[in-house]
Amino acid sequence: MAPRTLDLTLTSAMDLKDVNLFSRLQVYAVVSVIGDPRSKHRTPADRSGGRNPIWNHPLRLTVDESAVLRFLLRTVRAFGDRDVGEVHVPLKELLSDSASVGSAKLASYQVRRPKGKPKGVLNFSYSFGEKVSAAAAAPPKAVNHVKPVMAYPVYPPPPPPAGYPGYLPLAGNGGRRTMRVTIGMGTRTQVTVAVSGTNLYLNLQLLGSSSSVLIGFL
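Being a predicted model, the structure only gives us computed values, none of them experimental.

Parameters at a glance
- Residues numbered from 1 in each chain as written.
- Predicted model: local features only at pLDDT ≥ 70, side-chain atom pairs only at ≥ 80, totals over all residues.
- Heavy atoms only, no water.
- Helix = DSSP H or I, 4+ residues; strand = E, 2+ residues; numbered from the N terminus.
- Buried < 20%, exposed > 50% of the residue type's maximum accessible area, 1.4 Å probe, protein only.
- Contact = heavy atoms within 4.5 Å.
- Areas by Shrake-Rupley, 256 points an atom, 1.4 Å probe, with all protein chains shown as cover.
- Core = buried A, V, L, I, M, F, W, Y, C linked by side-chain atoms within 4.5 Å.
- pLDDT = per-residue confidence, 0-100.
- Phe/Tyr/Trp six-rings, centres within 6.5 Å; stacked < 30°, edge-to-face > 60°.
- Lys NZ or Arg CZ within 6 Å of the ring centre and 35° of its normal.
- Salt bridge = Lys/Arg side-chain N within 4 Å of Asp/Glu carboxyl O.

### A word on the overall build of the chain
Okay, step 1: Helix and strand counts for the chain stand at two helices and twelve strands.
Okay, step 2: Beginning at the N terminus, the succession of helices and strands in the chain can be written as β-β-β-β-β-β-α-β-β-α-β-β-β-β.
Okay, step 3: A total of 218 residues make up the chain; the buried ones form 30% of that total.
Okay, step 4: A fraction of 58% describes how many contacts in the chain between residues 6 or more apart in sequence connect residues 24 or more apart.
Okay, step 5: Carbon and sulfur atoms make up 58% of the accessible area of the chain, which amounts to about 14,900 Å² in all.

Laid out in structure tokens, this is it:
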């Protein structure tokens, strides 16, 4: 069945159960279509009406003809609101009593406590509008504004510049290098560097005198 608009005016309630022990009832109504949480509407709370609140609050719903309306009456409390009662109204009942499209009618329904015991009366007026298309009744689709992630190519690191000196590895003789240094008329000194694991060993050996200068690796 095609959905149609429903104009409701929540007028008042009478003779409700007083569920507040230490404060005055401040009742408001929450209207929704059972099975559709997006259809929820709420009236302001009546701060002074007590067990006989008055709202005169208009609202509009788009409903299917097979829907069931739920009117939940609640009261404001300092430590959390509390249910007073509720009313379930099949839409077919309102359609069968409606004279024509656009004509307003009054309705009164018994309020039932959360455990099912009747207590109080809910009053409202209603009128139906023309049928609407399913596309018009559907909620708008959410637009995804997330920007796409750009992928960038991975390039290999550049080669070192020309002429860049490398490190002289400790090769040969199990990681041992020998260096002889002769300075002027001094004494030639042989330096042996050995690596074992994480340890570095230096061995200095005097080789005699010489008049030449020589630095080299063996």
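### Focus on the nonpolar core
Okay, step 1: Leu8, Leu69, Phe71, Leu73, Leu94, Leu122 and Phe124 are the most contacted members of the largest nonpolar core, which totals 31 residues.
Okay, step 2: Sorting the residues of this core by element identifies strand E1 (4–14), strand E2 (27–33), strand E4 (54–63), strand E5 (68–75), strand E6 (82–90), helix H1 (91–97), strand E7 (105–112) and strand E8 (118–131) as the ones contributing at least two each.
Okay, step 3: With residues near it in sequence (within four places) discarded, Leu73 still touches Ala13, Leu16, Val27, Tyr28, Ala29, Trp55, Arg82, Asp83, Val84, Gly85, Val111 and Leu122.

### What about the side chain of Thr43?
Okay, step 1: You can see Thr43 is positioned in the loop between strand E3 (36–42) and E4.
Okay, step 2: For Thr43, a relative accessible area of 2% gives the class buried.
Okay, step 3: The residues touching Thr43, leaving out its near neighbours within four places in the chain, are Leu10, Tyr28, Ala29, Trp55 and His57.

### Some details on unusual backbone geometry
Okay, step 1: At Asp15, a residue that is not glycine, the phi angle is positive and equals roughly 55°.
Okay, step 2: Relative to the helices and strands, Asp15 is located in the loop between E1 and E2.
Okay, step 3: Classification of Asp15 as partly exposed rests on a relative accessible area of 37%.
Okay, step 4: One non-glycine residue, Asn56, lies in the positive phi region at around 50°.

### Quick look at the confidence of the model for the chain
Okay, step 1: When pLDDT is averaged across the chain, the result is 76; 58% of the residues are at 70 or more.
Okay, step 2: Predicted confidence is poor over residues 164–172, with pLDDT under 50, and the contacts of this stretch with residues over four places away or in other chains come to eight contacts.

### Examining the packing of aromatic side chains
Okay, step 1: This model, assessed by the stated rule, comprises four aromatic pairs.
Okay, step 2: With centroids separated by 5.9 Å and ring planes inclined at 10°, the aromatic side chains of Tyr109 and Phe124 adopt a geometry described as stacked. Of this pair, Tyr109 sits in strand E7 while Phe124 sits in strand E8, and the two are 15 residues apart along the sequence. As far as the burial class goes, Tyr109 and Phe124 line up, both buried.
Okay, step 3: Ring plane angle 75° and centroid distance 6.0 Å describe the contact between Tyr126 and Phe128, whose orientation is recorded as edge-to-face.
Okay, step 4: Put simply, the rings of Phe71, Tyr109, Phe124, Tyr126 and Phe128 touch in pairs and so form one group of aromatic residues.
Okay, step 5: Across the ring face of Tyr28, the terminal group of Arg42 is positioned such that the distance to the ring centre comes to 3.7 Å.

### What to know about the pattern of salt bridges
Okay, step 1: Within this structure, the stated rule accounts for eight salt bridges.
Okay, step 2: A salt bridge links Arg51 to Asp15, with the nearest nitrogen and oxygen atoms 2.5 Å apart. Of the two residues, Arg51 is situated in the loop between E3 and E4 and Asp15 in the loop between E1 and E2; the sequence distance between them amounts to 36 residues.
Okay, step 3: For Arg51, a relative accessible area of 34% gives the class partly exposed.
Okay, step 4: A salt bridge links Asp36 to Arg38; its shortest N-O distance comes to 3.4 Å.
Okay, step 5: Given the relative accessible area of 25%, Asp36 is considered partly exposed.
Okay, step 6: Arg38 sits in the exposed class, given a relative accessible area of 63%.
Okay, step 7: One network of salt bridges, with partners in common, ties together Arg4, Glu65 and Lys131.

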